Amino acid sequence: MDKILVIGCAGQIGSELTLELRKMYGDSNVVAADIRQAGEDICQSGPFEIVNALETDKVAEVVKKYGITQIYHLAAILSGNAEKKPLPSWDINMKGLLGVLDIARELKLKRLFWPSSIAVFGPSTPTKNTPQQCVMDPNTVYGISKLAGERWIAYYNKRYGVDTRSVRYPGLISYKTEAGGGTTDYAVEIYYEAIKNHHYTCFLSEKTYLPMMFMPDAIKATIDIMQADADKLTVKESYNIGGMSFCPDDVFKSIKKQMPDFTIDYEPDFRQAIADSWPQSINDDQSKKDWNLSYVYDLDKMTEVMLKEVAKKFNK
Ligand code: AKB
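Residues numbered from 1 in each chain as written. Predicted model: local features only at pLDDT ≥ 70, side-chain atom pairs only at ≥ 80, totals over all residues. Heavy atoms only, no water.

## Comments concerning the sheet that holds strand E8 (residues 167–169)
Using the following cut-off: When DSSP finds two or more bridges between a pair of strands, those strands are recorded as paired. Helix numbering and strand numbering both begin at the N terminus, where a helix is a DSSP run of H or I of at least 4 residues and a strand a DSSP run of E of at least 2.
With parallel pairing, three strands are arranged side by side in an open sheet as E6-E8-E12. Whereas interior strands pair on both sides, the edge strands pair on one side only; in this sheet they are strand E6 (116–117) and strand E12 (239–240). Bridge count for E6 against E8 is two bridges, and the pairing is parallel. Within E8, the residue paired with Ser 117 across the bridge is Tyr 169.

## Observations concerning the packing of helix H5 (residues 86–106) against helix H6 (residues 141–160)
This is how the line gets drawn: Helix axes are fitted only over the stretch in contact, all axes being lines through C-alpha atoms; the angle between N-to-C directions runs from 0 to 180 degrees. The labels follow the angle: roughly parallel below 35 degrees, roughly antiparallel above 145, roughly perpendicular from 65 to 115, and oblique for the rest. In this scheme the crossing of two helices becomes right-handed for a clockwise turn of the near helix relative to the far one and left-handed for an anticlockwise turn of less than a right angle. Only heavy atoms enter the contact rule, under which two residues are in contact if any of them lie within 4.5 Å.
As a packed pair, H5 and H6 sit with axes 10 Å apart at the nearest point and diverge in direction by 15°. Regarding the angle of H5 to H6, the classification is roughly parallel. Two packed elements cross with a definite hand, and for H5 against H6 that hand is right-handed. Across the interface between the two elements, Pro 86, Ser 89, Trp 90, Asn 93, Met 94, Leu 97, Leu 98, Leu 101, Asp 102 and Arg 105 from H5 touch Val 141, Tyr 142, Ile 144, Ser 145, Ala 148, Gly 149, Trp 152, Ile 153, Tyr 156 and Tyr 160 from H6.

## Structural notes on the site of the ligand
Let me state the cut-off plainly: Note on terminology: near, applied to a residue and a molecule or strand, indicates that one of the residue's heavy atoms is within 4 Å of it. Here a polar contact is recorded for every N or O atom pair within 3.5 Å, except that within protein the pair must consist of a potential hydrogen donor and a potential acceptor, and residues adjacent in sequence are included only if both atoms are side-chain atoms. With residues, only the protein chains shown are counted as cover, and all accessible areas are computed by Shrake-Rupley using a 1.4 Å probe.
Every residue lining the ligand is accounted for by Leu 78, Ser 79, Ser 117, Ile 118, Tyr 142, Gly 182, Thr 183, Thr 184 and Trp 278. A distance of 2.7 Å separates an oxygen atom of the ligand from a polar side-chain atom of Tyr 142. For the ligand, whose unbound accessible area comes to 250 Å², protein coverage reaches 93%.

## Quick look at the state of the cysteines
A disulfide bridge is the covalent bond that connects two cysteines by way of their sulfur atoms. For clarity, the threshold we go by: Cysteine sulfur atoms are paired as a disulfide whenever they fall within 2.5 Å.
One pass over the full model with this rule turns up zero disulfides. The thiol of Cys 202 is unpaired, and the distance to the nearest cysteine sulfur, on Cys 247, comes to 9.5 Å.

## Some words on the nonpolar core
Heads up, the rule is: The nonpolar core is taken to be a set of buried Ala, Val, Leu, Ile, Met, Phe, Trp, Tyr and Cys residues, with the residues joined through side-chain atoms within 4.5 Å. Type-normalised accessible area, obtained with a 1.4 Å probe on protein chains alone, sets the label of each residue: buried when under 20%, exposed when over 50%, and partly exposed for intermediate values.
By size, the foremost hydrophobic cluster in this structure holds 42 residues, and its most contacted members are Ile 173, Tyr 186, Tyr 191, Phe 246, Ile 255 and Met 302. Elements supplying a minimum of two residues to this core: H6, helix H7 (186–197), strand E10 (199–202), strand E11 (210–214), strand E13 (244–246), helix H9 (248–258), helix H10 (271–276) and helix H12 (299–313). Element by element, the count of residues in this core is highest for H7, at eight residues. Those residues in contact with Ile 255 that sit more than four places away from it in its chain are Ile 190, Tyr 191, Ala 194, Phe 262, Thr 303 and Leu 307.

## So, the packing of aromatic side chains
Applicable threshold: Here a Phe, Tyr or Trp ring, Trp counted by its six-membered ring, pairs with any other such ring whose centre lies within 6.5 Å, and the pair is stacked when the planes are under 30 degrees apart, edge-to-face when over 60, and tilted otherwise.
Tallied over the entire structure, the rule returns eleven aromatic pairs. Ring centres of Tyr 72 and Phe 113 lie 5.7 Å apart, and the angle between their planes is 40°; this geometry places the pair in the tilted category. A residue pair is termed long-range when its members are at least 10 positions apart, and Tyr 72 in strand E4 (residues 70–73) and Phe 113 in strand E5 (residues 111–113) qualify at 41 residues. Across the pair, Phe 113 and Tyr 72 agree in class, each one buried. Between Tyr 192 and Phe 314 the ring centres are 5.9 Å apart and the planes differ by 85°, which places this aromatic pair in the edge-to-face class. Of this pair, Tyr 192 sits in helix H7 while Phe 314 sits in the segment after H12; the two residues are 122 residues apart in sequence, bridging distant segments of the chain. Judged by its relative accessible area of 2%, Tyr 192 is buried. Accessibility expressed as a relative area gives 32% for Phe 314, which makes it partly exposed. Ring-pair connections join several aromatic residues into one group, and the members of that group are Trp 152, Tyr 155, Tyr 156 and Tyr 160.

Structure representation (structure tokens):
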């Protein structure tokens, strides 16, 4: 019987992934952990532990206490916030990962999921239909930590046989828990502001194309790669997953179809340079081939759900 630990369960991905895993594996078999208190739905539906991912001994204690066999290690500082505090962010992103890698090795865990990001790519990377293997020269703290992390998970896999699995998330859009401190967060904020004020001031410029994905597709991809046969997985670093590619102007037009009085203006900030160093679209043929990656949502379908669900939150 698998026993799963989700570290970072209160974050944008963790808050949805934990509940989905509990549906599949049983509430008591999925232990949720975070440095802060998680929402009621997580704390009341199964075990919850306050854990600082940097305290490896405490993480190991939780792993032993519950007989954990698989870890999803999600705790990280995203691109925008990491630029504000480079060294503490590097510590959180790297030390946390190295700690769980060593726990997985020592306690012989069955599997470890760790998310990488499109931030591993940089200015010299081909920007359109970015291949799985290409030049990677990230120039952000977050991107450098993700690329280093990819090398470490591949190392633990080859050297110690730890079954590490990973995807390079594009920007993720969701309504349950707001993202925090990322460059792609405009694509979440825009729906909140549309519902609250019918207006949005975007921190990226109008035609900034980035790879993006709606959360249900991202959760499915995450669980699918963790359940794939190990011998089918040819990539030991992290798999490209593409989803859609759109720019702020595309989201504006998609919202305007349903909310004709919606308006937007643009005030690009420091995150514009980060976005400009990332791919515009991603080639994920290898993921489709190795573990049958597929998606359900396009921009308009996602807009319909986002507007409906965000409106519910604000009783609009
Ligand atoms: C960010 O914008 O920092 C993240 C990411 C693309 O990994 N959403």
